[in-house]
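Overview (structure and organization)
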Amino acid sequence: MTAPGSRQHAQHPFLDGKTKRLLIDGKWLEAASGKTFDSINPATGEVLAQVAEGDAEDIDRAVEAARRAFEGPWGKVKPFERQAILLRFADLVEQHADEITELDTLDMGAPVQRTRGMKRRAIGLLRYYAGMATALHGETIENSLPGEVFSYTLKEPVGVVGAIIPWNAPLSSSLWKIGPALATGCTVILKPAEEAPLTPLLLGQLALEAGVPPGVLNVVPGFGETAGAALARHMGVDKIAFTGSHVTGQKIVQASAGNLKRLSLELGGKSPDIVFADADLDAAVPGAGMATFLNSGQICSAGTRLFVERRIYDEFVGRVADFGRNLRVGNGLDPDVTIGPLVSREQFDRVSSYLAIGRQEGARPVTGGERLTDGDLANGYFVAPTVFADVRDDMRIAQEEIFGPVISAIPFTDIDEVLSRANNTMFGLGSGVWTRDVSKAHRLAKGIRAGSVWINCYQAMDPAVPFGGYKMSGYGRESGIQHLEEYLNVKAVWIKTD
Ligand code: ADP
């Protein structure tokens, strides 16, 4: 099917044919090497822009600028002023929301249905962190030392932060790092994913317009093994805030050892979504479907292990398969499209290999399981929403993160059994429970070892509610008060007063 308006990107104001440069110290610079790479629209295969390819030398320049700003004027900026800057930035993001969300769609493929839907939360994030900028404080703490000794704590920004983000939600991933960094008084080097660098660069432009001083926010696109690795090992960086795969997370832990920099890691998942026979199945069918199909399955907390109570298993799995079959797949610029392409050839190959593995392991594809190539789809990386039935816990499609629109449906019989099987994974990011029985809901909410439990919903997110992982889904939390703490050091001050 041809998506109306699929050529519109030529008119996108950010895509002016010029090479997109690095933002370092408030200036737009070529990469030191002079190299560039192409940013590609995964729905059409077209090149959207050439982007300067930052590597170790550019990271050095950005870290120097961030350090200068941190130790210079930015360190003296009062919380009210940081708040005002963040609010101005939020206003500009809101004014440019259509432009930004369309750029995300062009660069990484998610339909405008989704990217526009992210607007409220993205702007909400900035306003939430703006609010928190003036709410940070230490404590006075009574101690038990003999004599008169007064003690209190100061909360201080951790310093220069390297923010390494993935491609699956460039707008909100960028703001999820920039917001808390600026609220707490840190400075940032944002390293976007090579698959989707454009929105982070546009955000850099808006941040400058909002009055973020030179060096406080630097944006350096480049590849993971070069720019990303240089940032992770850099002795001048105080913290890495990383979102991405657990394998890269492990590399970052190793690279960070040189100066034992602070880390927060939001990694992958293989989240259980558990449907009991007593649930409101009319709500659970689309809920469980979109828990995986949203963003073509390219969401770390996607509910990809669908556990269904055995007595409704065949019927429910059939209904989810029908739901997936009826979703409109196509170029995300079409407002009627719900499922866009996978982000890249590499991601497409990875998902395709799991489709083959699922079949070889004996799982039964009830729907999907193949590439879609009708008409214009032939030029992009489209995979049909897929449901595998008869999946066993030990199959690779039940254990490994696929990051594609692939549900592994598994039957279960009782609550204790499903709890232990749900926890039988190295990951612990999201989880879902569909039931009308409040005691089942609470027992699972307590028993599941994951950072989020969604009951009779999935993927709900809010700037005030923490999000993050257990086990190999990482550590640290984003959103909520705890997120700010990830960017702060606590200093104890003692004063002998007698
Ligand atoms: P994916 O496999 O989904 O692309 P990654 O974890 O590889 O996820 O990528 C997430 C981010 O991590 C991207 O910005 C990428 O460039 C970066 N990255 C990849 N490899 C490394 C590395 N060795 N060191 C630091 N960053 C990396």
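This one's a predicted model, so the numbers in the text were calculated from it and none came from an experiment.

**Examining helix α10 (residues 281–293)**
For α10, spanning 13 residues, the distance from its first C-alpha to its last is 18 Å, which sits close to the expected 18 Å at 1.5 Å a residue. Among the residues of α10, those classed as buried are L281, A284, V285, G287, A288, G289, A291, T292 and F293. Buried residues along α10 sit against β11 (272–275), β12 (305–309), α11 (313–325), β14 (386–389), β15 (406–412) and β16 (432–434). Taking the backbone nitrogen of D282 as reference, a side-chain oxygen 3.2 Å away marks D280 as the first, capping residue of α10. One or two positions beyond α10, positive phi appears at N295, with a value near 55 degrees.

**Structural notes on unusual backbone geometry**
The backbone phi angle of S296 is positive, close to 55 degrees, even though this residue is not glycine. On the secondary structure map, S296 appears in the loop between α10 and β12. A relative accessible area of 3% means that S296 is categorised as buried. In this structure, K471 takes a positive phi of about 50 degrees despite not being glycine. What makes K471 partly exposed here is its relative accessible area of 33%.

**As for the domain arrangement of the protein chain**
Partitioning the protein chain into structural domains gives domain 1 (8–267 + 473–492) and domain 2 (272–462). Together domain 1 and domain 2 conceal approximately 2,400 Å² of surface at their shared face, both sides included; 60% is due to carbon and sulfur atoms. At the surface where domain 1 touches domain 2, the tally comes to zero salt bridges. Seen at the junction of domain 1 and domain 2, the total is ten residue pairs in polar contact (both at pLDDT 80 or more). Elements with a minimum of two residues in the side of domain 1 that touches domain 2: α3 (97–108) and α4 (112–117). Per-element accounting of the side of domain 1 that touches domain 2 gives the leading share, four residues, to α3. Looking at the side of domain 1 that touches domain 2 residue by residue, the class counts come to ten nonpolar, ten polar and six charged.

**Focus on the nonpolar core**
Judged by nonpolar contacts, the single largest core of 71 residues is most densely connected at L15, F89, V93, Y129, L182, L198 and L217. Counting the residues that make up this core, at least three belong to each of domain 1 (8–267 + 473–492) and domain 2 (272–462). Setting aside its immediate chain neighbours within four residues, L217 contacts L23, I178, V188, L190, G204, A207 and V212. Counting 29 residues, the second-largest nonpolar core is a separate cluster that includes F348, M395, I402 and L419.

**Focus on the packing of helix α5 (residues 119–133) against helix α6 (residues 170–184)**
Packing of α5 against α6 leaves a shortest axis separation of 9 Å and a crossing angle of 5 degrees. With respect to α6, the axis of α5 lies roughly parallel. Judged by residue contacts, R121, A122, L125, L126, Y129 and A133 of α5 engage L171, S172, L175, W176, G179, P180 and A183 from α6.

**Section: the environment of D25**
For D25, the position within the fold is in the loop between β1 (22–24) and β2 (27–29). C-alpha of D25 to C-alpha of R328: the two residues are 303 residues apart in sequence and 44 Å apart in space. Apart from the residues within four sequence positions on either side, D25 is in contact with A65, R68, P214, G215 and N218.

**Brief notes about the sheet that holds strand β17 (residues 454–455)**
What the seven strands build is an open sheet, ordered β13-β14-β15-β12-β11-β16-β17; its pairing is mixed. Strands with a single pairing partner mark the edges of an open sheet, and in this sheet they are β13 (364–367) and β17. Looking at chain direction, β12 and β15 are connected through five bridges and run parallel. Looking across to β15, one finds that E309 is bridged to F412. Each of β11, β12, β14, β15 and β16 touches α10; the most contacted strand, β15, lies at about 135 degrees to it. Against the sheet, helix α14 (residues 415–422) makes contact with β11, β12 and β15, and its axis sits at roughly 145 degrees relative to β15, the strand it touches most.

**Some points on the packing of α3 against helix α7 (residues 198–210)**
With their axes 8 Å apart at the nearest point, α3 and α7 run at an angle of 155 degrees to one another. When the interaxial angle is binned, α3 and α7 end up roughly antiparallel. Residues E99, I100, L103, D104 and D107 of α3 form the contact with α7, whose participating residues are L198, T199, L202, L203 and L206.

**Brief notes about the site of the ligand**
Near the ligand, the surroundings consist of 18 residues, among which I165, K191, E194, S245 and T248 are the closest. One nitrogen or oxygen atom from the main chain of A229 is found 3.4 Å from a nitrogen atom belonging to the ligand. Starting from 550 Å² of accessible surface for the ligand in isolation, the protein chains cover 83%. For the shell around the ligand, the secondary structure elements donating two or more residues are α8 (224–233), β9 (239–243) and α9 (246–255). Considered class by class, the residues forming the shell around the ligand number eight nonpolar, six polar and four charged.

Thresholds applied
- Residues numbered from 1 in each chain as written.
- Predicted model: local features only at pLDDT ≥ 70, side-chain atom pairs only at ≥ 80, totals over all residues.
- Heavy atoms only, no water.
- Helix = DSSP H or I, 4+ residues; strand = E, 2+ residues; numbered from the N terminus.
- Expected span 1.5 Å × (residues − 1).
- Buried < 20%, exposed > 50% of the residue type's maximum accessible area, 1.4 Å probe, protein only.
- Contact = heavy atoms within 4.5 Å.
- Polar contact = N/O pair within 3.5 Å; in protein donor to acceptor, adjacent residues only side chain to side chain.
- Domains from an automatic or database assignment.
- Buried area = accessible area lost by both parts, 1.4 Å probe.
- Salt bridge = Lys/Arg side-chain N within 4 Å of Asp/Glu carboxyl O.
- Nonpolar A, V, L, I, M, F, W, Y, C, P; charged D, E, K, R; others polar.
- Core = buried A, V, L, I, M, F, W, Y, C linked by side-chain atoms within 4.5 Å.
- Axes fitted to C-alpha atoms, helices over the stretch in contact; angles between N-to-C directions.
- Parallel < 35°, antiparallel > 145°, perpendicular 65-115°, else oblique.
- Pairing = 2+ DSSP bridges.
- Near = heavy atom within 4 Å.
- Areas by Shrake-Rupley, 256 points an atom, 1.4 Å probe, with all protein chains shown as cover.

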